[in-house]
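# Reading the structure
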Amino acid sequence: SRTYAAYTLLLIVLTGLTFGNTPDLLLDADDHEYFDTASKSLQNPSLIFSPNRHPTTIGRPVIDLVFLLDYIFFKQNPTPYHIQVVAAHLFATLLLAWTSQRLGANAVQAFLTGLLFLLNVAHFRGVHWIASIGYPLSLIFSLSTLICHHTWQQTPRLRWQIGTLAFLALAIWTHPSAASVLLFLVYLTWHKNPAPRQVAIQTWPLFGVTFFSTGLVYLFYPQSTQVPAVTSSMDPFRVLKMLLWYLSRLLTAANWLFVDLRDDPKIWELA
């Protein structure tokens, strides 16, 4: 407990040194649109889950509710929103280290994993944007899913299975890409007992919740930005282009070379 307390204190200090200026930042990207949506939703609550609301729904109902509650207390003061994102990033880091150790990593590996995640330059823009609160929240729910599932495998009690299913749904409703955690849950189940019948028995509720949660998102958010990605045909060249683009952004971001994330990739970025 003293080791975890010291590690937590160290991460708090590093968070303050790394993201100490974040509360002073103003608004950017989609922040204004979220405020506008929250304001209109207070006047007309039916707009919260309406596919016709503005801006175009992005299929993240948990984030809609978070912004609505934040707007009630903070209005358009950006400072508490920025503090909230940094706090969520810190909590996700601590939970990542704990999850790593629960899944078999030793203390050094787990602590190093959390430390590198906290300071990863790829996270800076995400932490600096108020609208990016969904990323650390989705990770928190996904890690909670893994912890509950792993605990349920060790101690097969109903409350751990219910916790797994509940956190999995929350993770998907925070960001639809969290549905990918299902693959790791299946792997953990197979790793403990590779018998196909047992794997099927233990994972069918996970498949059910995943398909139900994602289906519900696309049912209520038919205009979400994820829908074209799911319904369009596979383009392997675009997948390769995006992979090279994002890998190059790790280099440009690490060296503080400004590149607008909304731009198309440049030729030199794909080289």
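Residues numbered from 1 in each chain as written. Predicted model: local features only at pLDDT ≥ 70, side-chain atom pairs only at ≥ 80, totals over all residues. Heavy atoms only, no water.

## So, the overall build of the chain
Counting its secondary structure elements, the chain contains 13 helices and zero strands. Along the chain direction, N to C, the helices and strands of the chain fall in the order α-α-α-α-α-α-α-α-α-α-α-α-α. Evaluated residue by residue, the chain yields a buried proportion of 41% over its 271 residues. Considering only residue pairs separated by 6 or more positions, the chain has 73% of its internal contacts joining residues 24 or more positions apart. Total accessible area on the chain stands at roughly 15,300 Å², and carbon and sulfur atoms take up 69% of it. (Helix = DSSP H or I, 4+ residues; strand = E, 2+ residues; numbered from the N terminus. Buried < 20%, exposed > 50% of the residue type's maximum accessible area, 1.4 Å probe, protein only. Contact = heavy atoms within 4.5 Å. Areas by Shrake-Rupley, 256 points an atom, 1.4 Å probe, with all protein chains shown as cover.)

## Some points on the packing of helix H4 (residues 78–102) against helix H7 (residues 134–154)
Following both chains from N to C, one finds H4 and H7 inclined at 25 degrees, their axes separated by 9 Å at the closest point. Considered as vectors, H4 and H7 are oriented roughly parallel to each other. Read as a crossing pair, H4 and H7 show a hand that is left-handed. In this structure, H4 contributes Ala88, His89, Phe91, Ala92, Leu95, Leu96, Trp98, Thr99 and Arg102 to the contact, and H7 contributes Pro136, Leu139, Ile140, Leu143, Ser144, Leu146, Ile147, His150 and Thr151. Here the contact of H4 with H7 is composed, by residue class, of 12 nonpolar, five polar and one charged. (Axes fitted to C-alpha atoms, helices over the stretch in contact; angles between N-to-C directions. Parallel < 35°, antiparallel > 145°, perpendicular 65-115°, else oblique. Left-handed = near helix turned anticlockwise from the far one by under 90°. Nonpolar A, V, L, I, M, F, W, Y, C, P; charged D, E, K, R; others polar.)

## Quick notes on the packing of aromatic side chains
Taken as a whole and assessed by the stated rule, the structure comprises eight aromatic pairs. Ring geometry for phenylalanine 74 and tyrosine 81: centres 5.6 Å apart, planes at 75 degrees, overall edge-to-face. Overall, tyrosine 81 belongs to the buried group, its relative accessible area being 1%. Here phenylalanine 184 and tyrosine 187 contribute two aromatic rings whose centre-to-centre distance is 5.9 Å and whose plane-to-plane angle is 25 degrees, an arrangement assigned as stacked. Of this pair, phenylalanine 184 and tyrosine 187 both sit in helix H9 (residues 181–192), three residues apart, roughly one helical turn. (Phe/Tyr/Trp six-rings, centres within 6.5 Å; stacked < 30°, edge-to-face > 60°.)

## Side note on helix H8 (residues 158–174)
For H8, built from 17 residues, the straight-helix expectation of 24 Å at 1.5 Å per residue is met to within 8% by its first-to-last C-alpha distance of 24 Å. Buried within H8 we find Gly163, Thr164, Leu168, Ala169, Ala171, Ile172 and Thr174. On its buried side, H8 packs onto helix H3 (61–74), H7, H9 and helix H10 (196–220). (Expected span 1.5 Å × (residues − 1).)

## Quick look at the nonpolar core
With 45 residues, the main nonpolar core has Phe67, Ile133 and Leu168 as its most contacted residues. The element best represented in this core is H4, accounting for nine residues. What leucine 168 contacts, discounting residues up to four positions off in sequence, is Thr145, Val181, Leu185, Leu206, Val209 and Thr210. (Core = buried A, V, L, I, M, F, W, Y, C linked by side-chain atoms within 4.5 Å.)

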